[in-house]
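Okay, here's what each chain looks like letter by letter:
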Amino acid sequence: MADEHICAADDIGEMEARGYVGRVDGMQRNIFAVRQDGALHLYLNRCPHAGALLDHIQGQFFTPDGGFLRCGMHGAIFRIESGECIDGPCEGAKLTPLAFEERAGEIYLTGTTAE
Ligand code: FES
């Protein structure tokens, strides 16, 4: 199956995150893209604690200081670059990273998780 266009790379600025819907392992899933130190990361928008969208309030993915991702449901805190939960009810668990490619300034999901 062809890679799925998600967004332009420029749509995600430094320390910005945006939610999308994309096909992962054959199913439409909520996903999000986040950029830190120039590097783009795509994850399933699904908290490993109880499966909530991280942006319980749509579009709010970060801790108030902006340094980490935060699940709005019960407050789990995640490293942006690895998806590792470092505080909260699922400490030690990880967000699910997604495989993607950047081609000519556009971001394409390749349709699978990255692990
Ligand atoms: S669902 Fe995310 S911390 Fe509980």
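As the structure is a prediction and not an experimental result, all values here were calculated from the model.

Draft legend 1. Structural detail: the nonpolar core. Formed by 25 residues in total, the largest nonpolar core has its most connected members in Ile31, Phe32, Ala33, Val34, Tyr43 and Leu98. Counting residues per element, the ones that place at least two in this core are β2 (17–24), β3 (27–36), β4 (39–44), β8 (98–103) and β9 (106–113). Among the elements that make up this core, the one with the highest residue count is β3 (four residues). Not counting residues up to four positions away in its chain, the partners in contact with isoleucine 31 are Tyr20, Val21, Gly22, Val24, Leu42, Tyr43, Leu44, Asn45 and Leu98.

Draft legend 2. Focus on the sheet that holds strand β5 (residues 69–70). The three strands are arranged β5-β6-β7 in an open sheet whose pairing can be described as antiparallel. Looking at the sheet topology across the chains shown, the edges are occupied by β5 and β7 (85–87). Two strands pair when backbone bridges link them, and strand β6 (residues 77–78) and β7 are joined in this way by two bridges, in the antiparallel orientation. By the bridge assignment, phenylalanine 78 is partnered in β7 with cysteine 85.

Draft legend 3. Representation of the pairing of β3 in the model. Relative to β3, β2 runs antiparallel, the two sharing eight bridges. Within β3, the position partnered with arginine 23 by the bridge is glutamine 28. Between β2 and β3, which follow one another and run antiparallel, lie two residues, and aspartate 25 among them has a positive phi close to 50°. Here β3 runs beside β4; their pairing, made up of six bridges, is antiparallel. Directly across from alanine 33, in β4, lies its bridge partner leucine 42.

Parameters and conventions
Residues numbered from 1 in each chain as written. Predicted model: local features only at pLDDT ≥ 70, side-chain atom pairs only at ≥ 80, totals over all residues. Core = buried A, V, L, I, M, F, W, Y, C linked by C-beta atoms within 7 Å. Buried ≥ 20, exposed ≤ 12 C-beta atoms within 10 Å, placed from the backbone. Helix = DSSP H or I, 4+ residues; strand = E, 2+ residues; numbered from the N terminus. Contact = placed C-beta atoms within 7 Å. Pairing = 2+ DSSP bridges.

So yeah, pure geometry; function would need other evidence.
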